[in-house]
Amino acid sequence: MVFAIDEINREQTILPNLTLGIQIYDTCSSDKKAIEGTRQMLTGEGRPTLNYRCKSPSPLTAIIGESSSTISMSIARLLGLYRCPQISYDSTSPLLNNKNEFPSFFRTIPSDDSQAQLFHYMKGLRFKNKMGEEIIFDEYGNPPAAYDIINWQRKHDGTIHYVTVGSFDTRQPKGQELHINRSALSWARQGKEAPRSACSESCFPGYYKAGRRGQPACCYDCLPCSEGEVSEGRDSSKCWPCPSDQWPNERRSNCVPKRLEVLSYNYTLGATLCATIILCSLITIILLIIFIKFQDTPIVKANNRNLTYLLLVSLVLSFLCSLLFIGEPQPISCLLRQTAFGILFALCVSCILAKTIMVIIAFNATKPDSHMRRWLGPRVPMVTVSLCTVIQVLICATWLVLCPPFPEKNMKMKTGTIILQCNECSVIAMWCMLGYMGLLAFISFVVAFLARNLPDSFNEAKWITFSMLVFLSVWLSFIPGYLSTQGKYMVAVEVFGIICSCAGIVVCIFLPKCYIILLRPELNTREHLLGK
């Protein structure tokens, strides 16, 4: 401090026409000595007289306290009574470093006009020290802050060395004030890596900090966020749930839109089913054209042409109605797809039942004195088809009136997936529709099975039995498959069931007839049908 004062007084360019003085008292690390010295500086030499200034030197500007906070606080309390500022000073830091710089004082509040000699002259002051470095005082009279950063390094022999490893200089351009030579740093145990300030590693996004019981706050475990939750930043204290239409990414660091799932034409499964439906529909239409073209041949006449045409048309419509199950559900498609499927299938099975009944009536009508002849004609099959179909229509109409199906986004069935589906609204109504359709198929199967051995060269009951056996097998296997799948695969199972059951009817009932019509026309005669 004495050296710094002498340097300031010797250099006339720093404080021209001003001379700084200094009084030094040893506190001897004693509160009593510190207070005595302070009173002497305030009142003068000799025995101090409080509230009087017995000495007439230059005004006292400030008092620099000791490094010990206990003693400095005692001094500060006394100085506060006299409104005299105190400047804190840490004796463990050198006042002057190897650059011969002046110590940086804290800003003080002058207690009188004379103190206001000092700060007025130091405002905006600029000069160069002996090292050629420019010193600039700011508008408050404060000098620049320039410090060396010292690293205490213990050598192998146990001695401590002070190594300059960097600097902090406010005179440097903004952003370059701090400079540290990391390679010169030496940490505990002569390590080059900086010690960690926490006993746990930082938690990455997707994890949260869980404190360890009975340990400091810096000790924690990084636990992954729960399903459906994310943590975006590092060292998150908790995780946050994603919105209902979003889901965490793989790292659980942020929320992303959920994947949409629907049996669409744009995917392989939907496109394959669509192509199969169209192909089967075209084949059925071709069969209808063939039967219309050869409507006057015995084999077409013998099997009730009107029922055959109606059955083929209903099969085409049944194939096409399965297209309503493919694509994004819409209000109209959800209303129509199950009901249209149920009514059309009931129509198909009703036609088959009517054909079977007509086979039995036709056989018994040939017996002498048979009363079955009066049932021959179009009335019985039309009544059978109408009655059986109307019952299904009433079931479906009740369903639509009381609880119509509607499209919905199912976010709970699959994790991270939004399933676009039709909510059937009433499971009871749906199973009533399917149950009635199964009942018709079972009755048709039983009737055809009982009539399979009737003596006829071309007994259609045999092929009806096979077709109903395929129909029942498909739908009996459909039930567990439908209940065990989810999302688009559940819809695909139902579409597959529609295709297979319709294709079974076409193959078992109509392909044998087409074989005779197109490839074996010699068998398409009245003599062959009636037998020898």
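Below you will find a few notes about this structure.

Procedures and definitions
Residues numbered from 1 in each chain as written. Predicted model: local features only at pLDDT ≥ 70, side-chain atom pairs only at ≥ 80, totals over all residues. Heavy atoms only, no water. Pairing = 2+ DSSP bridges. Helix = DSSP H or I, 4+ residues; strand = E, 2+ residues; numbered from the N terminus. Axes fitted to C-alpha atoms, helices over the stretch in contact; angles between N-to-C directions. Contact = heavy atoms within 4.5 Å. 1 Å grid on protein atoms, 1.4 Å probe; cavity = no way out; pocket = protein on both sides within 12 Å on 5 of 7 lines; lining within 4 Å. Points joined across faces, edges and corners; volume = space filled by probe spheres on them. Nonpolar A, V, L, I, M, F, W, Y, C, P; charged D, E, K, R; others polar. Core = buried A, V, L, I, M, F, W, Y, C linked by side-chain atoms within 4.5 Å. Buried < 20%, exposed > 50% of the residue type's maximum accessible area, 1.4 Å probe, protein only. Phe/Tyr/Trp six-rings, centres within 6.5 Å; stacked < 30°, edge-to-face > 60°. Lys NZ or Arg CZ within 6 Å of the ring centre and 35° of its normal. Disulfide = S-S within 2.5 Å. Parallel < 35°, antiparallel > 145°, perpendicular 65-115°, else oblique. Left-handed = near helix turned anticlockwise from the far one by under 90°.

1. Thoughts on the sheet that holds strand 16 (residues 417–423)
Part 1 of the argument: Strand order in the open sheet formed by 3 strands is 14-16-15, with mixed pairing between adjacent strands. The sheet is open, and its two borders are formed by strand 14 (259–261) and strand 15 (406–410), each paired with just one other strand. Put simply, the sheet's adjacent strands are angled 25 degrees from each other on average, direction ignored.

2. Some details on the environment of Ala-34
Part 1 of the argument: Position of Ala-34 among the secondary structure elements: in helix 2 (residues 31–43).
Part 2 of the argument: Separated by 37 residues in the primary sequence, Ala-34 and Ile-71 have C-alpha atoms spaced 6.9 Å apart.
Part 3 of the argument: The contacts of Ala-34, once residues within four sequence positions are left out, are Thr-27, Ile-71 and Ile-75.

3. Examining the environment of Met-413
Part 1 of the argument: In this fold, Met-413 is placed in the loop between strand 15 and strand 16.
Part 2 of the argument: The sequence separation of Met-413 and Gln-486 amounts to 73 residues, and the corresponding C-alpha distance is 7.5 Å.
Part 3 of the argument: Not counting residues within four places of it along the chain, the set of residues in contact with Met-413 comprises Ile-419, Gln-421, Gln-486 and Gly-487.

4. A few points about the side chain of Ser-318
Part 1 of the argument: By the secondary structure assignment, Ser-318 is in helix 7 (residues 305–321).
Part 2 of the argument: Ignoring sequence-local partners within four residues, the contact set of Ser-318 consists of Leu-344, Phe-345, Cys-348, Ile-498 and Cys-502.

5. What to know about empty space enclosed by the protein
Part 1 of the argument: Reported here for the largest cavity is a volume of approximately 70 Å³.
Part 2 of the argument: Lining the largest cavity are 13 residues, and of these Val-262, Leu-263, Leu-420, Gln-421 and Val-491 lie nearest its centre.
Part 3 of the argument: Looking at the lining of the largest cavity, the elements with two or more residues in it are strand 16 and helix 12 (488–519).
Part 4 of the argument: Ranked by residues supplied to the lining of the largest cavity, first place goes to strand 16 with 3 residues.
Part 5 of the argument: Of the residues in the lining of the largest cavity, the class split is 7 nonpolar, 3 polar and 3 charged.

6. Here we look at the nonpolar core
Part 1 of the argument: Formed by 67 residues in total, the largest nonpolar core has its most connected members in Phe-341, Met-468, Phe-471 and Trp-475.
Part 2 of the argument: For this core, the elements supplying multiple residues, two or more each, are helix 5 (268–293), helix 6 (298–301), helix 7, helix 8 (331–365), helix 9 (379–402), helix 10 (427–450), helix 11 (460–483) and helix 12.
Part 3 of the argument: The element that contributes the greatest number of residues to this core is helix 12, accounting for 13 residues.
Part 4 of the argument: With near-sequence residues (within four places) excluded, Phe-341 lies in contact with Cys-321, Phe-325, Leu-336, Met-433, Leu-434, Met-437, Trp-475, Glu-494 and Ile-498.

7. Examining the side chain of Arg-337
Part 1 of the argument: Along the polypeptide, Arg-337 turns up in helix 8.
Part 2 of the argument: Assessed through its relative accessible area of 6%, Arg-337 is described here as buried.
Part 3 of the argument: Apart from the residues lying within four places of it in its own chain, the contact partners of Arg-337 are Leu-324, Phe-325, Cys-422, Glu-424 and Val-491.

8. Some thoughts on the pairing of strand 5 (residues 146–154)
Part 1 of the argument: The pairing of strand 5 with strand 6 (residues 160–169) spans 9 bridges and is antiparallel. What sits directly across from Ala-146, in strand 6, is Asp-169.
Part 2 of the argument: Between strand 5 and strand 6, which follow one another and run antiparallel, lie 5 residues, and Gly-158 among them has a positive phi close to 95 degrees.

9. Overview of the environment of Ile-289
Part 1 of the argument: As for its position among the elements, Ile-289 is in helix 5.
Part 2 of the argument: Between the alpha carbons of Ile-289 and Leu-312 there is a distance of 9.9 Å; along the sequence they are 23 residues apart.

10. A short note on the sheet that holds strand 5
Part 1 of the argument: Reading across the sheet, the 3 strands line up as 5-6-7 and stay open at both edges, with antiparallel pairing between neighbours. Across the chains shown, the open sheet's two edge strands, defined by having one partner strand only, are strand 5 and strand 7 (178–180). Pairwise comparison of adjacent strand axes, ignoring direction, gives a mean angle of 30 degrees for this sheet.

11. Thoughts on the packing of aromatic side chains
Part 1 of the argument: For the coordinates displayed, the defined rule picks out 5 aromatic pairs.
Part 2 of the argument: Seen from their ring centres, Phe-291 and Phe-510 are 5.6 Å apart, and the 90 degrees between their planes marks the pair as edge-to-face. One end of the pair, Phe-291, is in helix 5; the other, Phe-510, is in helix 12, and 219 residues separate them in sequence.
Part 3 of the argument: Residue Phe-510 is classed as buried on the basis of its relative accessible area of 0%.
Part 4 of the argument: Taken together, the ring pairs connect Phe-341, Phe-345 and Phe-471 into an aromatic cluster.
Part 5 of the argument: Here the basic side chain of Lys-209 rests over the ring of Tyr-220, its NZ or CZ set 4.9 Å away from the ring centre.

12. Brief notes about the state of the cysteines
Part 1 of the argument: Counting across every chain of the model gives 5 disulfides.
Part 2 of the argument: A disulfide bridge connects Cys-242 with Cys-255, and the sulfur atoms are separated by 2.0 Å. Where Cys-242 bonds to Cys-255 through sulfur, the torsion about that S-S bond is close to -90 degrees, and the disulfide is left-handed. Taken together, the positions of Cys-242 in the loop between strand 11 (240–241) and strand 12 (246–248) and Cys-255 in strand 13 (residues 255–257) put the pair 13 residues apart, joining distant regions of the chain.

13. Focus: the packing of helix 5 against helix 12
Part 1 of the argument: Here helix 5 crosses helix 12 at 25 degrees, and the two axes come no closer than 10 Å. Classified by the angle their axes make, helix 5 and helix 12 are roughly parallel. As for how helix 5 packs across helix 12, the hand of that crossing is left-handed. For the pair formed by helix 5 and helix 12, the contact residues are Leu-269, Leu-273, Thr-276, Ile-277, Cys-280, Thr-284, Leu-287, Ile-290 and Phe-291 on the first element and Tyr-489, Ala-492, Val-495, Ile-499, Val-506, Phe-510, Leu-511, Lys-513, Cys-514, Ile-517 and Leu-518 on the second.

14. Side note on unusual backbone geometry
Part 1 of the argument: The residue Arg-252 is not glycine, and still its phi comes out positive at about 55 degrees.
Part 2 of the argument: Position of Arg-252 relative to the elements: it lies in the loop between strand 12 and strand 13.
Part 3 of the argument: Overall, the relative accessible area of 29% leaves Arg-252 in the partly exposed class.
Part 4 of the argument: Although it is not a glycine, Cys-425 adopts a positive phi angle of roughly 70 degrees.
Part 5 of the argument: Topologically, Cys-425 is positioned in the loop between strand 16 and helix 10.
Part 6 of the argument: The exposure class of Cys-425 is partly exposed, given its relative accessible area of 33%.

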